[in-house]
Amino acid sequence: VSPGQGKGDGLRSDIATAATAARSVICLCLSLPSIPKPIRLLTKPAWNLVAAATPDAGGGEKQLALEAPPQPAREDYVQNAVKFLSHPEVRGSTVVYRHSFLQNKGLTNDEIDEAFRRVRDPQLTTASPSTHNLDRCYYYKGVTRNRMKPLTSHPPADTLPPPAPMDELAIDPPPPLPLDDMLMEIFLRLPPEPIHLFCASFVSKHWRGLIHDARFLRRFSEFHGKTPPILGFFTNETRTPLFAPTSDGFTLSTSTMSHRDWWVLDCRRGRALVDNLRTGTLLVWDLMTGHKRFVTLPTQACHGQLRCSGTVLCAAGHADHDCHSCPFLVAFLRSDYTDSITSAWLYSSETGIWGEITSIHTQNSYVYAEQTALVGNTLYYLLNHGGIIGFDLDKNSLDLVEAVPYSYSKIIIMPAEDGLLGLAGVDGFSLHLWSRVVASIDGAVSWTRCRVIDLEKLIAPEILAACIVPVEPAAYAEDAHVIFIYVNHGMRMYMIHLRSMRIEEVPRKGACRSGFPYTSFYTPGITTGGGDDQAELLNIS
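What counts, and at which threshold
The written sequence of each chain sets the order in which its residues are numbered from 1. Per-residue local features are limited, in this predicted model, to residues with pLDDT of at least 70; the limit for side-chain atom pairs, both in listing and counting, is 80 or more; totals at the level of whole chains, interfaces and linings are taken over all residues. For side-chain calculations, the full set of non-hydrogen atoms in the structure is used, while hydrogens and water are omitted. For helices the rule is a DSSP run of H or I covering at least 4 residues; for strands it is a run of E covering at least 2, with both sets numbered from the N terminus onward. Each residue's exposure class comes from its accessible area (1.4 Å probe, protein chains only) as a fraction of the maximum for that residue type: buried when under 20%, exposed when over 50%, partly exposed otherwise. Polar contact criterion, stated in full: a pair of N or O atoms within 3.5 Å, where within protein one must be able to donate a hydrogen and the other to accept it, and residues adjacent in sequence count only if both atoms are side-chain atoms. Contacts: residue pairs with any heavy atoms within 4.5 Å of one another. Ring pairs shown here join Phe, Tyr and Trp side chains whose ring centres sit within 6.5 Å, with only the six-membered ring taken for Trp; geometry is labelled stacked below 30 degrees between planes, edge-to-face above 60, and tilted in between. Here the arc refers to the set of directions running from the helix axis out to each C-beta atom. Pairing between strands requires that DSSP locate at least two bridges from one strand to the other. Helix axes use the C-alpha atoms of the stretch in contact, all axes being lines fitted to C-alpha atoms, and the angles between their N-to-C directions lie in the range 0 to 180 degrees. Small angles under 35 degrees read as roughly parallel and large ones over 145 as roughly antiparallel, with 65 to 115 read as roughly perpendicular and the rest as oblique. In this scheme the handedness of a crossing depends on how the near helix is turned from the far one: anticlockwise by less than a right angle means left-handed, clockwise means right-handed. Salt bridge criterion: a side-chain nitrogen from Lys or Arg within 4 Å of a carboxyl oxygen from Asp or Glu. Here pLDDT means the predictor's own confidence in every residue, given as a number from 0 to 100. Nonpolar residues are Ala, Val, Leu, Ile, Met, Phe, Trp, Tyr, Cys and Pro. Charged residues are Asp, Glu, Lys and Arg, and all others, Gly as well, are polar. Within this analysis, patches are made of residues with over 30% relative accessible area and no salt bridge. Like charges are joined at 9 Å or less; nonpolar side chains (Val, Leu, Ile, Met, Phe, Trp, Tyr) at 5 Å or less. A 1.4 Å probe and the Shrake-Rupley method give the accessible areas. Residues count as covered only by the protein chains that appear here. UniProt positions are given in the numbering used here, feature names are shortened, and annotations may be inferred rather than shown by experiment.

With respect to the side chain of S343
Phase 1: Mapped onto the secondary structure, S343 falls in strand β14 (residues 341-348).
Phase 2: A relative accessible area of 2% means that S343 is categorised as buried.
Phase 3: Of note is the side chain of S343, whose polar atom sits 2.7 Å from the side chain of S359.
Phase 4: Setting aside chain neighbours within four positions, we find S343 in contact with F332, L333, R334, I357, T358, S359 and L398.

Below is the structure:
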């Protein structure tokens, strides 16, 4: 019904007059039972008025919706939408997702309808609603979406897709994981301390098989950033046991190993190297598996007034903790006070023999059992008075390293972050990290202080204020990127995570001025009963 003077250029009245006239016609039409509801009334060609068949809550007059006219479809937009809908990966998604995506790209509902019509998606052959959006109408006098569904004059009704069932609009859930895969995903997210996988492995034989699988153990290490937890310290300090645990779930029985008979030389990649002072043998000890191997020292290494140091290495050169079943190397250095000669030997577990001896003159200097650093194929050892000596494993030669141009009460050597030789010392309450840099042009070697850490920002000020003896670096856990600081007041030890700068206090039973950190993930073969000189996981839950 067209109010006014008719179609064409006869309509000169404004929109307000047309709407008033249309309202009268609508009221008349709604009173006739033969007129379908809702009714679309065409007024001026620029607008559509839609009458709602349901009266308002007050029982008053019927309400109207004023609808914007359809705009001509933009063919380039429609073609782009057709390409999108035709993509194989898009065809598998729900209709709602595709419609919403195109709408966010600025397409009108008519353009989206036309694109769907051209694609002829098989999903739309079943009953599905029109892809029209209910926001297409601008409602008048508060007509809500639930009370009125807008209609459109094009495209024709027979070309629109039929209504879809409600489950078509739901997002399909991912397929469930197989039970074993789900279990391993849960195991991966357990804390890295060995006690957790250890307890899970005793639930059933099936669980034990999943946890002991070598591929799962590698994934577990990678999931935790290949950063094994710190479980304790080996130390040569007589006031503490040979091994002091720092984890409540791990302990090591060393009741038969006294400081008078045993001297710790190294702890690396899950293995400890301990010197038996009475028998002249070295013990290579895998704490997790309990495997021990005794190595007899060379005859020349057992005579004279000696100080010694040593290192145990994975012969396969692994940079992670998959070394428990691999052959190993042992480097042993000893200094003789009488002639100021430092000598070195290299042992291979594959051949079972020591290599040729190599020596160097170290005037008034000797090696002692502190942490060593492996950089490339060279092992570096500390000398007294802050000196450093390098043992080139490939060339089987010793060489002295220039001292750092700074005076510290104590230093520790370690691999630097740039992969070169580094060291750490404390000046006052500042931790200094150094790196030994080789110039690319002339090959000149120099020490560069690359990092300074203010300990006053990390440690409680009342603890530092009470310090009488200077704060010292105690050890470095290479696998965990953690440096240990010893504070004399209260005999406290702190570990500083160099990457995150997070600080933790070590339990009192694990505090020591100097030691060898022991780090490890869970390894199959660990014992449960403890016994003498065996690792033991304590189920503290």
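Now that the structure has been shown, we can carry on.
Notes on the environment of M491
Phase 1: Of note, M491 is situated in the loop between β26 (482-487) and β27 (492-497).
Phase 2: With 22 residues separating them along the chain, M491 and R513 place their C-alpha atoms 8.4 Å apart.

So, the packing of aromatic side chains
Aromatic ring pairs are described here by two measures, namely the spacing of the ring centres and the angle between the planes.
Phase 1: Under the defined criterion, the tally for this structure stands at 15 aromatic pairs.
Phase 2: For the pair F332 and W345, a centre-to-centre distance of 6.3 Å together with 35° between the ring planes defines the contact as tilted. Separated by 13 residues along the polypeptide, F332 in strand β13 (residues 328-336) and W345 in strand β14 bring together distant segments of the chain. Comparing F332 with W345, the two get one shared label, buried.
Phase 3: Relative to W434, the ring of Y406 has its centre 6.1 Å away and its plane inclined at 50°; by these criteria the two rings are tilted.

A few points about helix α6 (residues 179-188)
Think of an α-helix as 3.6 residues a turn; residues three or four steps apart then line up on the same face.
Phase 1: Burial in α6 covers these residues: L183, M184, F187 and L188. Around the axis of α6, the buried residues are gathered within 140° of arc, so they sit on the same side.
Phase 2: Summarising the contacts, the buried residues of α6 are in contact with α7 (194-201), α8 (205-212) and α9 (214-223).

Re helix α5 (residues 109-119)
Phase 1: Along α5, 9 of the 11 residues are buried, which leaves the element largely enclosed by surrounding structure.
Phase 2: Against the buried residues of α5 lie α2 (75-86), α3 (88-91) and α4 (95-104).
Phase 3: Phi for R120, located one or two positions after α5, is positive at around 55°.

Points about the sheet that holds strand β9 (residues 271-276)
Phase 1: The strand order β8-β9-β10-β11 describes an open sheet built from 4 strands, whose pairing is antiparallel. The open sheet is flanked by β8 (262-268) and β11 (292-296), the only strands paired with a single partner. Taken over all neighbouring pairs, the strand axes of this sheet differ in orientation by 20° on average, direction set aside.
Phase 2: Bridging between strand β10 (residues 281-286) and β11 involves 5 bridges; their strand directions are antiparallel. Within the sheet, the bridge partner assigned to L283 lies in β11 and is F294.

Examining the packing of α4 against α5
Phase 1: Interaxial distance between α4 and α5 falls to 10 Å at its minimum, and their mutual angle equals 130°. Looking at the two axes, α4 sits oblique to α5. As for the relative orientation of α4 and α5, their crossing is right-handed in sense. On the side of α4, the interface is formed by V95, R98, H99, L102 and Q103, while α5 contributes N109, I112 and F116.

Describing the pattern of salt bridges
Phase 1: In this structure the tally under the stated criterion is 17 salt bridges.
Phase 2: Residues R278 and D261 are paired through a salt bridge, measuring 2.3 Å at the closest nitrogen-oxygen approach. One end of the pair, R278, is in the loop between β9 and β10; the other, D261, is in the loop between β7 (250-252) and β8, and 17 residues separate them in sequence.
Phase 3: Residue classification places R278 among the exposed positions, given a relative accessible area of 65%.
Phase 4: Close ionic contact of E472 with R513 constitutes a salt bridge, the shortest N to O distance being 3.1 Å. One end of the pair, E472, is in strand β25 (residues 472-477); the other, R513, is in the loop between β28 (503-505) and β29 (516-519), and 41 residues separate them in sequence.

Some thoughts on the confidence of the model for the chain
Phase 1: A residue-level look at the chain finds 70% of positions with pLDDT of 70 or above and a mean pLDDT of 76.
Phase 2: Note that residues 163-171 has pLDDT below 50 and, in this model, 14 contacts with residues that lie over four places away or in other chains.

What to know about the packing of α8 against α9
Phase 1: At a closest axis distance of 5 Å, the pairing of α8 and α9 adopts a crossing angle of 60°. Counting all contacts with α8, which are made through L210, I211 and H212, the residues of α9 involved are A214, F216 and L217.
Phase 2: Tallied by class, the residues present in the contact of α8 with α9 amount to 5 nonpolar, 1 polar and no charged.

Brief notes about a nonpolar patch on the surface
Phase 1: The grouping of L179, M182 and I186 at the surface amounts to a nonpolar patch, some 290 Å² of accessible area in total.
Phase 2: Counting through the fold element by element, M182 comes out in helix α6.
Phase 3: Judged by its relative accessible area of 38%, M182 falls in the partly exposed class.

Structural notes on the UniProt feature "domain: F-box" (unreviewed entry) in the chain
Phase 1: As annotated by UniProt and renumbered to match this structure, "domain: F-box" (unreviewed entry) occupies residues 180-218.
Phase 2: Here residues 180-218 runs as 77% helix and 0% strand, with 17 Å between its end C-alpha atoms.

Thoughts on the sheet that holds strand β6 (residues 243-245)
Phase 1: In space, the 3 strands of this open sheet follow the order β6-β5-β29, with antiparallel pairing throughout. If you trace the sheet from one side to the other, it starts and ends with β6 and β29, each paired once. Direction aside, neighbouring strands of the sheet carry axes that sit 30° apart on average.
Phase 2: In this structure, strand β5 (residues 230-234) lies alongside β6, joined through 3 bridges in antiparallel fashion. Looking across to β6, one finds that F234 is bridged to F243.

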